[in-house]
Amino acid sequence: MPDTARPLSPHISIYRWQIQMVTSIVHRGTGIFLALGLLLVAWALIALASGPDAFAKVTAFSSSWLGLVLLLGWVWSLAFHFLNGIRHLLQDLGLGYAPATFVRNGWIVTIGSFVLTALVWACVLAQRGGA
Amino acid sequence: MSAQLRTPLKIALGLGSARSGAHHFMVQRITAVALIGLGLWIVWIALEMLHMDYAAARALIARPLNAVLMISFVIASFWHAQLGLQVVIEDYVHTRWLELASQIAIKFICFLGAAASVLAIIRIALASGPLGS
């Protein structure tokens with residue numbers, strides 16, 4: 001139970017969905033997901049320091065179907081959070097607030113995140129094919 | 001508490017500034033700027049390590065420049081993650097004890113993650129091979 005009795009506006013159920021609120025929500029969602037991914041980075045580094053057997057567990061997990069789905073999710077999350085983060089930094093400088101520009105930048109970030117994900121995954125597949 | 005309709009900000013106004021209000025904002029932005037470069041670098045490192053065996057992957061991280069950048073990455077990213085998760089909890093967890101417990105848990109997990117990662121990188125950078133070999 002919340003500790004306060006202050007009323008909350010029913011924002012999510014009232015507002016028409018638009019790119020501005022989607023990029024804001026997705027920025028938080030990808031941030032939370034990337035924080036979980038950091039634990040995998042920590043696990044991989046600890047395993048790399050511990051020895052080949054420990055690192056083999058990381059490799060096995062990363063190449064399992066669950067690992068690959070998570071990695072795909074992390075690559076896209078990183079691409080989105082990266083591009084939208086740069087957009088936020090530019091907004092902190094006072095740039096990009098005109099409604100038309102704001103909407104356009106939202107779409108650039110969203111489409112760009114899928115383009116970056118495809119580029120990274122193309123590198124992965126090219127290396128797998130070449131190796 | 002439940003009869004209190006004024007916001008904590010309203011109650012606090014007039015007590016003067018603690019002069020640290022912008023600290024969270026600034027550190028979040030500074031770590032974000034650092035992570036623009038370090039984020040691109042970590043993707044490059046991950047792609048490099050894909051086709052490497054254990055010894056080659058370890059040697060890659062052991063190179064001084066990579067070790068320094070990896071330490072910078074884990075500190076900046078765990079710090080940035082803690083600051084971001086803190087805001088999410090502040091916004092959505094309205095039960096005081098749960099909010100406090102999650103804030104402390106997030107801080108502990110992020111600090112331990114960063115500390116353990118830094119120790120691992122130092123072990124990789126300073127040892128000539130895996131322990132025991």
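Small disclaimer: the values here were computed from a predicted structure and weren't measured.

Asks: Can you tell me about the layout of surface pockets, naming the residues and giving the values?
Replies: Roughly 470 Å³ of volume is contained in the second largest pocket. In terms of lining residues, the second largest pocket is bounded by 17 residues, among which Asp3, Thr4 and Arg6 of chain A together with Pro8 and His94 of chain B are the most central. Elements that contribute at least two residues to the lining of the second largest pocket include exactly α1 (8-12) and α5 (96-126) of chain B. In terms of residue class, the lining of the second largest pocket is made up of seven nonpolar, four polar and six charged.

Asks: Outline the packing of helix α2 (residues 19-50) of chain A against helix α4 (residues 64-92) of chain B, listing residues and values.
Replies: In the contact formed by α2 of chain A and α4 of chain B, the axes pass within 9 Å of each other and the chain directions differ by 145°. As α2 of chain A packs across α4 of chain B, the resulting crossing turns out to be left-handed. Judged by residue contacts, Arg28, Ile32, Ala35, Leu38, Leu39, Val41, Ala42 and Leu45 of chain A of α2 of chain A engage Met70, Phe73, Val74, Ser77, Phe78, Ala81, Leu85, Val87, Val88, Asp91 and Tyr92 of chain B from α4 of chain B. Classifying every residue of the contact of α2 of chain A with α4 of chain B by side-chain character gives 16 nonpolar, one polar and two charged.

Asks: Can you lay out the interface of chain B and chain A for me, pointing to particular residues and giving the numbers?
Replies: Taken together, the 46 residues of chain B in the interface contact 31 residues of chain A. Buried area between chain B and chain A, summed over both chains or domains, comes out near 3200 Å², and the portion from carbon and sulfur atoms is 74%. Counting across the interface, chain B meets chain A through two salt bridges. Across the salt bridge formed by Asp91 of chain B and Arg28 of chain A, the nearest N and O atoms sit 2.7 Å from each other. Counting across the interface, chain B meets chain A through eight residue pairs in polar contact (both at pLDDT 80 or more). For the side of chain B that touches chain A, the secondary-structure elements that each account for two or more residues are α2 (23-50), α3 (54-62), α4 and α5 of chain B. When residues of the side of chain B that touches chain A are assigned to their parent elements, the largest contribution, 12 residues, is made by α4 of chain B.

Rules and cut-offs
Residues numbered from 1 in each chain as written. Chains lettered and ligands numbered in written order. Predicted model: local features only at pLDDT ≥ 70, side-chain atom pairs only at ≥ 80, totals over all residues. Heavy atoms only, no water. 1 Å grid on protein atoms, 1.4 Å probe; cavity = no way out; pocket = protein on both sides within 12 Å on 5 of 7 lines; lining within 4 Å. Points joined across faces, edges and corners; volume = space filled by probe spheres on them. Helix = DSSP H or I, 4+ residues; strand = E, 2+ residues; numbered from the N terminus. Nonpolar A, V, L, I, M, F, W, Y, C, P; charged D, E, K, R; others polar. Axes fitted to C-alpha atoms, helices over the stretch in contact; angles between N-to-C directions. Left-handed = near helix turned anticlockwise from the far one by under 90°. Contact = heavy atoms within 4.5 Å. Buried area = accessible area lost by both parts, 1.4 Å probe. Salt bridge = Lys/Arg side-chain N within 4 Å of Asp/Glu carboxyl O. Polar contact = N/O pair within 3.5 Å; in protein donor to acceptor, adjacent residues only side chain to side chain.

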